[in-house]
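# Breakdown of the fold
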There are 2 protein chains.
Amino acid sequence: MIIECPFTKKHPSILHRDDEYFMSMAYNQAIEAWKHDEIPVGAIAVFGDEIIASAHNSIITLNDPTAHAEMQVITQAAKIIGDWRLNDVTIYVTKEPCPMCSGAMIMSRVGVVVFGAMDSKMGLLGGCFRLQDLKTINHYPVIKSGILEKDCALLMRTFFAMKREGQRYLTQ
Amino acid sequence: MIIECPFTKKHPSILHRDDEYFMSMAYNQAIEAWKHDEIPVGAIAVFGDEIIASAHNSIITLNDPTAHAEMQVITQAAKIIGDWRLNDVTIYVTKEPCPMCSGAMIMSRVGVVVFGAMDSKMGLLGGCFRLQDLKTINHYPVIKSGILEKDCALLMRTFFAMKREGQRYLTQ
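Calculation criteria
- In this convention, every chain numbers its residues from 1, walking through the sequence in written order.
- As they are written, the chains are lettered A onward and the ligands numbered 1 onward, keeping that order.
- Residue-level local features of this predicted model are given only where pLDDT is at least 70; pairs of side-chain atoms are given and counted only at 80 or more, and the full residue set underlies all totals for whole chains, interfaces and linings.
- As a rule here, side-chain values come from all non-hydrogen atoms in the structure, and water together with hydrogens is ignored.
- Note on pairing: DSSP must find at least two bridges between two strands before they are called paired.
- Going along the chain from the N terminus, every DSSP run of H or I of four or more residues is numbered as a helix, and every run of E of two or more is numbered as a strand.
- Note on method: axes are straight lines fitted to C-alpha atoms, helices fitted across the in-contact stretch only, with angles between N-to-C directions ranging 0 to 180 degrees.
- Salt bridge criterion: a side-chain nitrogen from Lys or Arg within 4 Å of a carboxyl oxygen from Asp or Glu.
- Buried residues are those whose accessible area, probed at 1.4 Å on protein chains only, stays under 20% of the maximum for their type, while exposed residues exceed 50% and partly exposed ones sit between those limits.
- In summary, the charge assignment counts Lys and Arg as positive and Asp and Glu as negative, without counting His or the chain termini.
- Any pair of N or O atoms that falls within 3.5 Å is considered a polar contact. Within protein, one atom must be able to donate a hydrogen and the other to accept it, and sequence-neighbouring residues count only if both atoms are side-chain atoms.
- A contact between two residues is defined here by any heavy atoms of the two lying within 4.5 Å.

## Section: the sheet that holds strand β3 (residues 89-95) of chain A
Residues and elements named next belong to chain A. Strand order in this open sheet of 5 strands is β2-β1-β3-β4-β5, and the pairing throughout is mixed. Sheet topology places β2 (50-56) and β5 (142-145) at the edges, where each strand pairs with a single neighbour. Taken over all neighbouring pairs, the strand axes of this sheet differ in orientation by 15° on average, direction set aside. The sheet contact formed by strand β1 (residues 42-47) and β3 spans 5 bridges and is antiparallel.

Right, here's the structure in full:
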(Lines give C-alpha, C1' and ligand atoms only; values in the text may rest on other atoms or scores of the structure.)
Protein backbone atom coordinates (compact mmCIF):
# COMPACT_ATOMS: atom_id res chain seq x y z
CA MET A 1 0.00 0.00 0.00
CA ILE A 2 1.57 3.27 -1.12
CA ILE A 3 0.89 6.09 1.32
CA GLU A 4 0.55 9.52 -0.24
CA CYS A 5 3.41 11.83 0.66
CA PRO A 6 2.11 14.80 2.70
CA PHE A 7 5.21 16.89 1.94
CA THR A 8 5.90 18.97 -1.14
CA LYS A 9 9.07 19.63 -3.08
CA LYS A 10 11.14 22.74 -2.39
CA HIS A 11 11.72 25.41 -4.99
CA PRO A 12 14.55 27.67 -3.81
CA SER A 13 15.98 30.37 -6.08
CA ILE A 14 18.65 29.07 -8.44
CA LEU A 15 20.46 32.38 -7.94
CA HIS A 16 21.72 31.31 -4.52
CA ARG A 17 23.50 28.03 -5.01
CA ASP A 18 24.45 27.39 -1.41
CA ASP A 19 24.33 24.22 0.69
CA GLU A 20 20.64 24.76 1.40
CA TYR A 21 19.85 25.07 -2.30
CA PHE A 22 21.66 21.86 -3.16
CA MET A 23 20.22 19.98 -0.17
CA SER A 24 16.75 21.06 -1.33
CA MET A 25 17.43 19.28 -4.60
CA ALA A 26 18.45 16.15 -2.68
CA TYR A 27 15.29 16.55 -0.56
CA ASN A 28 13.17 16.63 -3.71
CA GLN A 29 14.75 13.33 -4.71
CA ALA A 30 13.81 11.92 -1.30
CA ILE A 31 10.18 12.88 -1.99
CA GLU A 32 10.46 11.01 -5.30
CA ALA A 33 11.64 7.97 -3.32
CA TRP A 34 8.52 8.17 -1.13
CA LYS A 35 6.33 8.32 -4.25
CA HIS A 36 7.92 5.01 -5.28
CA ASP A 37 7.21 3.59 -1.81
CA GLU A 38 10.89 3.63 -0.92
CA ILE A 39 12.44 4.96 2.31
CA PRO A 40 12.70 8.69 1.46
CA VAL A 41 16.40 9.33 0.97
CA GLY A 42 17.71 11.44 -1.90
CA ALA A 43 21.13 12.53 -3.11
CA ILE A 44 22.73 14.74 -5.72
CA ALA A 45 26.31 15.25 -6.93
CA VAL A 46 27.69 18.71 -7.65
CA PHE A 47 30.74 19.50 -9.78
CA GLY A 48 31.77 23.11 -10.44
CA ASP A 49 28.49 24.47 -9.07
CA GLU A 50 26.43 22.27 -11.41
CA ILE A 51 24.29 19.28 -10.47
CA ILE A 52 25.70 16.41 -12.50
CA ALA A 53 23.78 13.52 -10.92
CA SER A 54 20.69 12.91 -8.83
CA ALA A 55 19.01 9.78 -7.51
CA HIS A 56 16.80 8.39 -4.79
CA ASN A 57 16.77 5.23 -2.80
CA SER A 58 15.51 2.43 -5.14
CA ILE A 59 16.19 -0.81 -3.29
CA ILE A 60 12.71 -2.29 -3.72
CA THR A 61 12.03 -0.87 -7.19
CA LEU A 62 15.29 -2.29 -8.56
CA ASN A 63 15.41 -5.27 -6.15
CA ASP A 64 19.02 -4.29 -5.45
CA PRO A 65 20.33 -3.76 -1.90
CA THR A 66 23.14 -1.57 -3.28
CA ALA A 67 20.70 0.89 -4.93
CA HIS A 68 20.97 3.57 -2.26
CA ALA A 69 20.73 7.17 -3.47
CA GLU A 70 24.41 7.85 -2.79
CA MET A 71 25.68 4.78 -4.66
CA GLN A 72 23.72 5.75 -7.73
CA VAL A 73 24.95 9.35 -7.81
CA ILE A 74 28.54 8.14 -7.37
CA THR A 75 28.22 5.84 -10.40
CA GLN A 76 26.48 8.57 -12.42
CA ALA A 77 28.99 11.27 -11.44
CA ALA A 78 31.98 9.12 -12.46
CA LYS A 79 30.36 8.57 -15.86
CA ILE A 80 29.72 12.31 -16.34
CA ILE A 81 33.20 13.56 -15.38
CA GLY A 82 34.95 10.60 -17.01
CA ASP A 83 36.99 9.73 -13.93
CA TRP A 84 36.23 7.27 -11.14
CA ARG A 85 38.01 9.52 -8.65
CA LEU A 86 35.53 12.14 -7.47
CA ASN A 87 37.93 14.48 -5.63
CA ASP A 88 36.26 17.60 -7.07
CA VAL A 89 32.71 16.37 -6.49
CA THR A 90 30.45 17.27 -3.56
CA ILE A 91 27.66 14.88 -2.67
CA TYR A 92 24.55 16.09 -0.86
CA VAL A 93 22.41 13.43 0.79
CA THR A 94 19.36 13.86 3.02
CA LYS A 95 20.56 11.45 5.70
CA GLU A 96 23.90 10.41 7.08
CA PRO A 97 25.31 7.65 4.86
CA CYS A 98 25.01 4.01 6.00
CA PRO A 99 28.08 1.75 6.37
CA MET A 100 28.09 0.91 2.64
CA CYS A 101 27.63 4.47 1.42
CA SER A 102 30.03 5.98 3.97
CA GLY A 103 32.63 3.52 2.70
CA ALA A 104 31.76 4.37 -0.90
CA MET A 105 32.49 8.06 -0.21
CA ILE A 106 36.01 7.03 0.79
CA MET A 107 36.59 4.50 -1.99
CA SER A 108 35.41 6.90 -4.72
CA ARG A 109 37.52 9.75 -3.28
CA VAL A 110 34.54 12.09 -2.93
CA GLY A 111 35.81 15.58 -2.05
CA VAL A 112 32.99 16.78 0.20
CA VAL A 113 30.02 14.95 1.72
CA VAL A 114 27.13 17.08 3.02
CA PHE A 115 24.31 15.31 4.81
CA GLY A 116 21.03 16.39 6.42
CA ALA A 117 19.70 14.19 9.21
CA MET A 118 22.07 12.29 11.48
CA ASP A 119 21.67 8.54 11.94
CA SER A 120 22.77 7.43 15.38
CA LYS A 121 22.25 3.74 14.57
CA MET A 122 23.67 3.25 11.07
CA GLY A 123 25.52 6.46 10.23
CA LEU A 124 29.24 5.95 9.84
CA LEU A 125 30.36 9.54 9.37
CA GLY A 126 29.68 10.62 12.95
CA GLY A 127 26.32 9.17 14.09
CA CYS A 128 27.24 5.67 15.21
CA PHE A 129 30.94 5.65 14.27
CA ARG A 130 33.42 7.90 12.44
CA LEU A 131 35.13 6.10 9.55
CA GLN A 132 37.14 9.29 9.06
CA ASP A 133 38.93 8.56 12.36
CA LEU A 134 40.57 5.42 10.97
CA LYS A 135 44.26 6.14 10.45
CA THR A 136 44.99 3.75 7.61
CA ILE A 137 42.32 4.52 5.02
CA ASN A 138 43.50 6.22 1.83
CA HIS A 139 41.07 9.14 1.50
CA TYR A 140 39.33 11.54 3.89
CA PRO A 141 36.35 13.43 2.47
CA VAL A 142 35.43 16.75 4.09
CA ILE A 143 32.22 16.10 6.07
CA LYS A 144 29.49 18.69 6.66
CA SER A 145 26.18 17.98 8.35
CA GLY A 146 22.96 19.51 9.61
CA ILE A 147 21.82 21.18 6.34
CA LEU A 148 17.98 21.08 6.27
CA GLU A 149 18.34 18.56 9.07
CA LYS A 150 14.83 18.99 10.49
CA ASP A 151 13.09 18.69 7.12
CA CYS A 152 15.11 15.62 6.12
CA ALA A 153 14.52 13.91 9.49
CA LEU A 154 10.79 14.77 9.56
CA LEU A 155 10.33 13.29 6.09
CA MET A 156 11.77 9.95 7.15
CA ARG A 157 10.13 9.91 10.59
CA THR A 158 6.72 10.60 9.04
CA PHE A 159 7.23 7.91 6.40
CA PHE A 160 7.92 5.26 9.03
CA ALA A 161 5.08 6.48 11.28
CA MET A 162 2.55 6.39 8.44
CA LYS A 163 3.78 2.95 7.36
CA ARG A 164 3.28 1.63 10.89
CA GLU A 165 -0.14 3.28 11.07
CA GLY A 166 -1.13 1.74 7.72
CA GLN A 167 0.07 -1.64 8.93
CA ARG A 168 -2.01 -1.34 12.10
CA TYR A 169 -5.06 -0.40 10.02
CA LEU A 170 -4.58 -3.41 7.74
CA THR A 171 -4.23 -5.91 10.59
CA GLN A 172 -7.23 -4.70 12.63
CA MET B 1 50.66 -1.46 -20.26
CA ILE B 2 48.98 -4.75 -19.38
CA ILE B 3 51.36 -7.12 -17.64
CA GLU B 4 50.79 -10.79 -18.35
CA CYS B 5 49.49 -12.70 -15.34
CA PRO B 6 52.04 -15.35 -14.26
CA PHE B 7 49.43 -17.31 -12.31
CA THR B 8 46.95 -19.84 -13.64
CA LYS B 9 43.38 -20.60 -12.72
CA LYS B 10 42.57 -23.38 -10.27
CA HIS B 11 40.56 -26.44 -11.22
CA PRO B 12 39.49 -28.25 -8.05
CA SER B 13 37.08 -31.19 -8.19
CA ILE B 14 33.45 -30.13 -8.25
CA LEU B 15 32.72 -33.16 -6.09
CA HIS B 16 34.06 -31.43 -2.99
CA ARG B 17 32.19 -28.17 -2.70
CA ASP B 18 33.92 -26.84 0.38
CA ASP B 19 35.24 -23.36 1.23
CA GLU B 20 38.44 -24.02 -0.70
CA TYR B 21 36.51 -25.04 -3.80
CA PHE B 22 34.37 -21.91 -3.74
CA MET B 23 37.32 -19.64 -2.94
CA SER B 24 39.13 -21.15 -5.95
CA MET B 25 36.27 -19.94 -8.12
CA ALA B 26 36.62 -16.44 -6.61
CA TYR B 27 40.39 -16.69 -7.21
CA ASN B 28 39.77 -17.48 -10.88
CA GLN B 29 37.70 -14.31 -11.08
CA ALA B 30 40.62 -12.38 -9.58
CA ILE B 31 42.83 -13.71 -12.38
CA GLU B 32 40.23 -12.43 -14.86
CA ALA B 33 40.52 -9.02 -13.18
CA TRP B 34 44.29 -9.06 -13.74
CA LYS B 35 43.75 -9.91 -17.42
CA HIS B 36 41.66 -6.73 -17.64
CA ASP B 37 44.45 -4.75 -15.94
CA GLU B 38 42.40 -4.39 -12.77
CA ILE B 39 43.59 -5.01 -9.20
CA PRO B 40 43.08 -8.79 -8.94
CA VAL B 41 40.12 -9.25 -6.64
CA GLY B 42 37.34 -11.73 -7.40
CA ALA B 43 34.12 -12.79 -5.72
CA ILE B 44 31.32 -15.30 -6.06
CA ALA B 45 27.94 -15.75 -4.38
CA VAL B 46 26.69 -19.17 -3.31
CA PHE B 47 23.08 -20.13 -2.59
CA GLY B 48 22.13 -23.69 -1.70
CA ASP B 49 25.54 -25.02 -2.76
CA GLU B 50 25.28 -23.43 -6.22
CA ILE B 51 27.28 -20.48 -7.54
CA ILE B 52 24.64 -17.92 -8.51
CA ALA B 53 26.91 -14.94 -9.22
CA SER B 54 30.55 -14.20 -9.98
CA ALA B 55 32.44 -11.02 -10.75
CA HIS B 56 35.81 -9.34 -10.60
CA ASN B 57 36.96 -5.86 -9.79
CA SER B 58 36.08 -3.63 -12.79
CA ILE B 59 36.62 -0.06 -11.59
CA ILE B 60 38.73 1.06 -14.55
CA THR B 61 36.95 -1.00 -17.20
CA LEU B 62 33.55 0.38 -16.18
CA ASN B 63 34.90 3.74 -14.92
CA ASP B 64 32.84 3.15 -11.80
CA PRO B 65 34.36 3.36 -8.29
CA THR B 66 31.54 1.17 -6.95
CA ALA B 67 32.35 -1.71 -9.34
CA HIS B 68 34.18 -3.85 -6.80
CA ALA B 69 33.78 -7.61 -7.19
CA GLU B 70 31.63 -7.89 -4.06
CA MET B 71 29.21 -5.12 -5.05
CA GLN B 72 28.60 -6.76 -8.40
CA VAL B 73 27.90 -10.22 -6.96
CA ILE B 74 25.51 -8.70 -4.40
CA THR B 75 23.51 -7.00 -7.17
CA GLN B 76 23.58 -10.16 -9.30
CA ALA B 77 22.62 -12.46 -6.41
CA ALA B 78 19.61 -10.31 -5.46
CA LYS B 79 18.41 -10.50 -9.07
CA ILE B 80 18.79 -14.28 -9.18
CA ILE B 81 17.04 -15.10 -5.91
CA GLY B 82 14.43 -12.36 -6.36
CA ASP B 83 15.00 -10.82 -2.95
CA TRP B 84 17.29 -7.96 -1.95
CA ARG B 85 17.89 -9.61 1.43
CA LEU B 86 20.67 -12.15 1.03
CA ASN B 87 20.38 -13.94 4.39
CA ASP B 88 20.80 -17.38 2.77
CA VAL B 89 23.69 -16.32 0.54
CA THR B 90 27.41 -16.85 1.20
CA ILE B 91 29.85 -14.54 -0.50
CA TYR B 92 33.44 -15.64 -1.15
CA VAL B 93 35.93 -12.88 -1.93
CA THR B 94 39.70 -13.13 -2.38
CA LYS B 95 40.51 -10.20 -0.08
CA GLU B 96 38.96 -8.69 3.00
CA PRO B 97 36.22 -6.29 1.91
CA CYS B 98 36.95 -2.53 1.88
CA PRO B 99 34.83 -0.03 3.84
CA MET B 100 32.20 0.14 1.06
CA CYS B 101 31.95 -3.61 0.52
CA SER B 102 32.06 -4.46 4.24
CA GLY B 103 29.14 -2.08 4.68
CA ALA B 104 27.35 -3.62 1.70
CA MET B 105 27.57 -7.08 3.34
CA ILE B 106 25.63 -5.64 6.28
CA MET B 107 23.12 -3.60 4.27
CA SER B 108 22.28 -6.51 1.97
CA ARG B 109 21.95 -8.91 4.92
CA VAL B 110 24.51 -11.37 3.55
CA GLY B 111 24.43 -14.54 5.64
CA VAL B 112 28.10 -15.51 5.50
CA VAL B 113 31.17 -13.67 4.23
CA VAL B 114 34.30 -15.73 3.53
CA PHE B 115 37.45 -13.88 2.55
CA GLY B 116 41.00 -14.90 1.61
CA ALA B 117 43.72 -12.33 2.29
CA MET B 118 43.44 -9.90 5.19
CA ASP B 119 43.76 -6.16 4.57
CA SER B 120 45.26 -4.39 7.57
CA LYS B 121 44.81 -0.94 5.98
CA MET B 122 41.36 -0.96 4.40
CA GLY B 123 39.66 -4.15 5.63
CA LEU B 124 36.66 -3.46 7.83
CA LEU B 125 35.79 -6.98 8.90
CA GLY B 126 38.82 -7.44 11.14
CA GLY B 127 41.92 -6.07 9.39
CA CYS B 128 41.77 -2.38 10.21
CA PHE B 129 38.46 -2.26 12.07
CA ARG B 130 35.57 -4.61 12.87
CA LEU B 131 32.22 -3.24 11.70
CA GLN B 132 30.65 -6.30 13.28
CA ASP B 133 31.57 -4.89 16.71
CA LEU B 134 29.20 -1.93 16.30
CA LYS B 135 26.23 -2.47 18.60
CA THR B 136 23.57 -0.56 16.67
CA ILE B 137 23.78 -1.97 13.14
CA ASN B 138 20.87 -4.13 12.00
CA HIS B 139 22.61 -7.22 10.63
CA TYR B 140 25.66 -9.28 11.53
CA PRO B 141 26.99 -11.60 8.83
CA VAL B 142 29.01 -14.63 9.92
CA ILE B 143 32.64 -13.87 9.02
CA LYS B 144 35.21 -16.51 8.00
CA SER B 145 38.71 -15.75 6.81
CA GLY B 146 42.01 -17.25 5.74
CA ILE B 147 40.74 -19.55 2.96
CA LEU B 148 43.45 -19.75 0.26
CA GLU B 149 44.94 -16.74 2.05
CA LYS B 150 48.49 -17.17 0.70
CA ASP B 151 47.41 -17.59 -2.92
CA CYS B 152 45.05 -14.61 -2.78
CA ALA B 153 47.65 -12.37 -1.12
CA LEU B 154 50.45 -13.47 -3.48
CA LEU B 155 48.31 -12.66 -6.50
CA MET B 156 47.76 -9.08 -5.36
CA ARG B 157 51.30 -8.55 -4.07
CA THR B 158 52.75 -9.75 -7.37
CA PHE B 159 50.39 -7.56 -9.37
CA PHE B 160 51.49 -4.43 -7.52
CA ALA B 161 55.19 -5.42 -7.65
CA MET B 162 55.06 -6.04 -11.40
CA LYS B 163 53.18 -2.77 -11.93
CA ARG B 164 55.88 -0.87 -10.04
CA GLU B 165 58.58 -2.72 -11.96
CA GLY B 166 56.91 -1.90 -15.28
CA GLN B 167 56.64 1.73 -14.21
CA ARG B 168 60.36 1.82 -13.37
CA TYR B 169 61.18 0.30 -16.73
CA LEU B 170 59.08 2.92 -18.54
CA THR B 171 60.63 5.88 -16.73
CA GLN B 172 64.23 4.79 -17.11
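## Describing the pattern of salt bridges
Residue and element names in this part refer to chain A. The final tally for this structure, using the stated rule, is 16 salt bridges over all chains. Here glutamate 32 ties to lysine 9 by a salt bridge, and the two come within 2.6 Å at their closest N and O atoms. Separated by 23 residues along the polypeptide, glutamate 32 in helix α1 (residues 19-35) and lysine 9 in the segment before α1 bring together distant segments of the chain.

## Focus on the side chain of Arg109(B)
All names here are of chain B. Mapped onto the fold, arginine 109 is located in the loop between α4 (99-107) and β4 (112-117). Notably, arginine 109 is buried but unbridged: the nearest opposite-charge side chain belongs to aspartate 83, and the N-O separation is 8.8 Å. In terms of polar contacts, arginine 109 uses its side chain to reach the backbone carbonyl oxygen of methionine 107, at 3.1 Å. Among residues more than four places away in sequence, those in contact with arginine 109 are Trp84, Arg85, Leu86, Asn87, Asn138 and His139.

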